[in-house]
Amino acid sequence: DGGLELHCAARVDGEHKHPLGTTVTEGETHESPQFDHLKDDVEVFADLDSVIWVFDRGYTRYRRFCEIKHSDDDFVTLLQSNTRLDVLDALQNVEVTNEDGTRQIRDERIELAETGEQFRRIVLETPDGEEIQYLTTLASSAYDPIDVISIYTLRTMIEILFREFKQYLNVENFHSKSLNGVLFELFCALIGYVLVEWLRQRH
């Protein structure tokens, strides 16, 4: 009666996207705990041995940021504007010029709230004067600030993926009334989507 919620991890690049793992929960289940289940599913892919995890503000939990850092995985996420932190070091300031004008990007080493853990923060000034903050474990020696921002923007491919689920697979409505039947419909639709994406890439 409360519906179902689909949680999905996807592999994305600049042109392609396809689901790697999904979990299905009751409709009122919070998204955050599903992250670890999806992470375990993705690890079965042998060529994904240096994954960069990208997730949005909905997954903001300081403790998990620390856990990911200590597991030697890398991530990029957005920080909420009211995040508590201390700036330890200014790594560099960069100017970016495009058709919207010149914007400033700050690259900093910070300590996050009361965790005692150090991370890297990229702050992008928007054309209207606001700031977008990115938190990451990616080393400044390997990834410049523009790289970090570009990696995060790949998240839009996941949004496109979910839009296509809704438009083409009709995953919000089911014929079956039983849980087992609904799961059968859902995972058949996902398998079909993977085949369609494979055909798109091949042709």
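Above this note sits the structure.
This report concerns the structure included in the present document. For clarity, every value in this text was computed on a predicted model and none was experimentally measured.

## Side note on the side chain of Glu117
If you trace the backbone, Glu117 turns up in the loop between β6 (101-112) and β7 (118-125). Of the residues examined, Glu117 reaches a relative accessible area of 17% and is grouped as buried. At 3.2 Å, the side chain of Glu117 forms a polar contact with the side chain of Lys69. Setting aside residues no more than four positions away along its own chain, Glu117 makes contact with Cys66, Lys69, His70, Ile110, Glu111 and Leu112.

## Structural notes on the pattern of salt bridges
The tally for this structure, following the rule as stated, stands at 11 salt bridges. A salt bridge links Glu117 to Lys69; the nearest nitrogen and oxygen atoms lie 3.2 Å apart. Of this pair, Glu117 sits in the loop between β6 and β7 while Lys69 is found in helix α2 (residues 62-70), placing the two residues 48 residues apart along the sequence. Here Glu197 makes a salt bridge to Arg200, at a shortest N to O gap of 2.4 Å. Of the two residues, Glu197 and Arg200 both sit in helix α5 (residues 179-202), three residues apart, roughly one turn of that helix. Assessed through its relative accessible area of 3%, Glu197 is described here as buried. When its relative accessible area of 39% is taken as the criterion, Arg200 is described as partly exposed. The structure contains a network of salt bridges with shared partners spanning Lys17, Glu164, Glu197 and Arg200.

Parameters and conventions
Residues numbered from 1 in each chain as written. Predicted model: local features only at pLDDT ≥ 70, side-chain atom pairs only at ≥ 80, totals over all residues. Heavy atoms only, no water. Helix = DSSP H or I, 4+ residues; strand = E, 2+ residues; numbered from the N terminus. Buried < 20%, exposed > 50% of the residue type's maximum accessible area, 1.4 Å probe, protein only. Polar contact = N/O pair within 3.5 Å; in protein donor to acceptor, adjacent residues only side chain to side chain. Contact = heavy atoms within 4.5 Å. Salt bridge = Lys/Arg side-chain N within 4 Å of Asp/Glu carboxyl O.

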